[in-house]
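Residue-level structural notes
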Amino acid sequence: MTVKNGTEPTYEVHARLSARLPLALLHLTHKDRTAAICTLNALGISPEDLQAYQDTIGAVGIPETSTSPPQFHPGMSEAELRVAIPRYKAWFEEDRKIPPQRARYVSRQTLLSFHNRVRQARWSDGLPQGEVSTRMTISGFPRHSSIVPLERLERICFSQMLVRKVHLGSYLLCRSIAPSCLTTMIDRVASVQLLIEDPEGNTHYLTIYNFPTTSHCSVKYLDDLFPVGTIFAIREPTFKAPTMGNYPIVRVDSPSDIILVSPGHSVLKGVVWRTDNPSSKILAVSTIDSCRNRGNALFQASHWLPAALVYSRGLVANPKATVLLSNRAEAYLRLGFWSGTIADAKRVRTSPDAPEALRNKAMFREAKAEYARGNYGTAEDLFLQQQSVRPDDEVVKGWISRARKRQAEQETGQYDWETLFNQSQSDHHLDVAEFRGPIEVQQVSRRGGGRGIVAVQDIEIGQLVLVAKPFHSVYERDLHPNEIMLSVDLITSKMNTRTQSALLAGVMQKLLGNPELHGLVFDLYAGPDSSPPSSYPPVISPDVTPVDPSQASIDIDVARLDAIISFNGFSPSVLEPISCRSKTRPEEGKPSGLYLLPALFNHACQSNAVWTCVGDVMVIRATKRIILGEEITIPYTSAHSNPYEERRAILRQFSIDECDCHLCQDDRKDDESAHKMRDELLAKRKSSQLIDASTAQLLSLEQQFAATYSPSRGPCKPRLADIQHAIAETLRKSGSKASIPDAIEYEKKALQSLGFIVLGKDAMQQSEPWEDTKLPIDTAQIPTASPFETPALYMLRLAHDYLRLSDTSGAIGWLKTAQWLVATWVGGDKMFFMRIMAPVLEEWKLKRLAASVV
Ligand SMILES: C[S@@+](CC[C@H](N)C(=O)[O-])C[C@H]1O[C@@H](n2cnc3c(N)ncnc32)[C@H](O)[C@@H]1O
């Protein structure tokens, strides 16, 4: 056997050779050339033959990457990341310059045995006990997602494909030949790994990212989702060089690029598969009974998407099978595919052929999906129709009552914050309606994206501007405890938390099941490199779109969605009972969420509105009187915890070059050396450790610190507040009553440094006995340099001081001020205040007084 130099090898040749060379190639894969040659000799193939073969195919043994990319690992410091990310970007750019080339040839048997070894050794029963899995992704780099319908693409086979190429205008028809893996040792990625063959019998890896329901799923689940023999059509496939390990992969980033092909699909017309794959034949069975039984078994195992796929397969063959439609509606309900549920359930409910019981079942499913979509009126009507059939059913009554409560919330903006807060402590995902105050999205100048939120009526301080639920949110407790997910975001140059990494896939899943919402997400700002649409929200059709789980009805541009999440994502830290010692939450444990309308608010450090999250519900309130036509802003970051330069760096990640709020204008009055000096003064002590210093040390620090501020700036100096609060605390520690007045003075100074206007003695005396309208601070505006927890603590500390001096009216005044602050910033009544401040009120013995007066 000789393959002549210079002849263009075809995959046919590879296939023929591969039948005789598996062992040799296996040795080669393991870099054991001697063993390979021995095997070849035994087959009568000379080393020269092999060399000629290698030369002509131009791939075996030639590395497909320039160099390995820089690696990232958990717990990398900011400094390490600052070095590694530009290196990765440089590697990425270099790697992109390497021209496309023919794929390294690896035989089917080699790949199969490798794949099976990996799967069996580590993944057959999920993660071994006690083992932590590390998954790694890079986000924020250009990735192709197809927008061309399958019918307009030409079929392509591996023999025509090149590594490092996006095959525009083509689709790859392939089928799986082995059970799948979630991750493999060769490429530690957050993806599904499948071995696939094309009709010519050539085999490669397929790696699927972001496929709905696969994030954190078990391998057993994958077996049900992608059973061996599953046929895929992959639109405009990207064939990628391996960045780790040996084998090139077909990489799919967007789930809308994958079509799961049912028997009878037009793409299978005239296709002859070279190999026999008995599993495909089993999957081709699609009678109503077989699909119902199989689907129900999967449903029982909570494998809802696999169940929906099986019901769908039955529906392709039997489009009028209402039992399959009804069951699929329930599977969709569990998946959060509300549009899919409504479309299917409606068809059953209006089908004259369906038995009455089935029609009623479907109507109940439809009602629940309408409720989940926030259409509470429609849901109530449907629940009422259910009630006419089942008048004594308590479950139906419960749903009617919930639908009515939601409508009341939607219309009035009245919520039971205390109950919601209590519920949120055990489950972040709350059942409430959204509320929209007098606001509108309008064009605003000098803002990236060009849009912002504007008041369409005067809004009073503390007035509710918006109550919004997340489009999707992820909390630590939603994720697998033994999984570390690393995601390096090349847009923000930051390591994303694992909740941020999971958010992208979650948003995609919701879009796939609710396709008509596509514009609401994709019309959000996607950064300076993409042009935004002029208005928001886009007009959304009130009609739902039927959902086919095997083929998305929308195109999901992953790179754009990545950018949208980077520029619009929130970390909706959940409100918890506040304790005396403030805790700083580590980045890693923070939740992540995409909120639609809240994403249209622009930033100001000193803003006229603020946001808080009760559970996953975002509440936005005015912090001053906002007049009609005024833009409403919220802080993206805290000025108290982030000094000017750090704030600038954070804002630059949102491509905000310079914030034009009063606080930033003031900060710009201090020259760079002043900012540096403050950093140096605080370098030795973190804010939380200030309390350990002596009063004398702190007084000297305060003096030096105060001297760094320009005399022309306003009184708001957030970093000074910590020092002044610490002085007050050391004075209190002396235990002597005589030092309390000084402690009070410093605590008030701390409040002033946060931007509050503390009224002078005269005003305070005048206002006795304390009335709501006469609080010891100016209530025209709440400074937003720090979250409300810090000033609320300072205020209650003052109440405690006054109590120690037996000045009850002073104590009541500051108690009421703290309550006013909480009610204005977050909302809620006295009971809500007592609940979230309970640990502080308890420790500082203010509970009884608070109960009697606030
Ligand atoms: C969450 S979006 C806000 C809505 C956005 N303006 C739009 O048109 O969709 C965040 C982006 O708005 C822009 N932005 C927000 N606050 C800004 C500010 N104070 N100055 C300039 N641009 C701002 C930045 O481009 C930022 O990346």
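Residues numbered from 1 in each chain as written. Predicted model: local features only at pLDDT ≥ 70, side-chain atom pairs only at ≥ 80, totals over all residues.

One can find aspartate 458 in the loop between strand E15 (451-455) and strand E16 (464-468). In this structure aspartate 458 comes out as partly exposed when scored by C-beta crowding, with 14 C-beta atoms within 10 Å. Placed 20 residues apart in sequence, aspartate 458 and proline 438 show a C-alpha to C-alpha distance of 8.2 Å. With residues up to four places along the chain from it excluded, the contact list for aspartate 458 reads Arg625, Ile626, Ile627 and Leu628. (Helix = DSSP H or I, 4+ residues; strand = E, 2+ residues; numbered from the N terminus. Buried ≥ 20, exposed ≤ 12 C-beta atoms within 10 Å, placed from the backbone. Contact = placed C-beta atoms within 7 Å.)

We now examine the site of the ligand. Contacts to the ligand come from 20 residues, most closely from Gly448, Gly449, Arg451, Tyr525 and Asn602. At the level of secondary structure, the elements contributing two or more residues to the shell around the ligand comprise E15, helix H19 (558-568) and strand E21 (602-603). When the residues that make up the shell around the ligand are grouped by side-chain class, the tally is nine nonpolar, eight polar and three charged. Split by domain, the residues of the shell around the ligand number at least three in each of domain 4 (435-487 + 564-634) and domain 5 (644-853). (Near = placed C-beta within 6 Å. Nonpolar A, V, L, I, M, F, W, Y, C, P; charged D, E, K, R; others polar. Domains from an automatic or database assignment.)

Strand order in the open sheet formed by four strands is E14-E15-E24-E21, and the pairing between neighbours is mixed. With partners counted over all chains shown, the strands left at the sheet margins are strand E14 (439-443) and E21, one partner each. Sheet analysis places E21 next to strand E24 (residues 631-634), joined by two bridges and oriented parallel. Paired with asparagine 602 across the two strands is threonine 633, which belongs to E24. (Pairing = 2+ DSSP bridges.)

Now for the confidence of the model for the chain. Caution applies to low-pLDDT regions: their predicted coordinates should not be interpreted in detail. Per-residue pLDDT for the chain has a mean of 85; in total, 85% of the residues score no lower than 70. Overall, residues 184-189 carries pLDDT values under 50, and its contacts beyond four positions in sequence, including any with other chains, amount to 18 contacts. The model gives residues 764-770 a pLDDT under 50, and that stretch makes nine contacts with residues more than four places away or in other chains. (pLDDT = per-residue confidence, 0-100.)

With an omega of -5 degrees, the peptide bond between tyrosine 536 and proline 537 qualifies as cis. Secondary-structure assignment places proline 537 in the loop between helix H18 (518-522) and H19. Unusually for a residue other than glycine, lysine 845 sits at a positive phi of about 55 degrees. The class of lysine 845 is exposed, set by 11 C-beta atoms lying within 10 Å.

Take the packing of helix H12 (residues 338-349) against helix H13 (residues 356-372) next. Following both chains from N to C, one finds H12 and H13 inclined at 150 degrees, their axes separated by 8 Å at the closest point. Classified by the interaxial angle, the pair formed by H12 and H13 is roughly antiparallel. Relative to H13, H12 is oriented so that their crossing is left-handed. Touching Trp338, Thr341, Ile342, Ala345, Lys346, Val348 and Arg349 of H12 are Leu358, Arg359, Ala362, Met363, Arg365, Glu366, Ala369, Glu370 and Ala372, all from H13. Here the residues of the contact of H12 with H13 sort into nine nonpolar, one polar and six charged. (Axes fitted to C-alpha atoms, helices over the stretch in contact; angles between N-to-C directions. Parallel < 35°, antiparallel > 145°, perpendicular 65-115°, else oblique. Left-handed = near helix turned anticlockwise from the far one by under 90°.)

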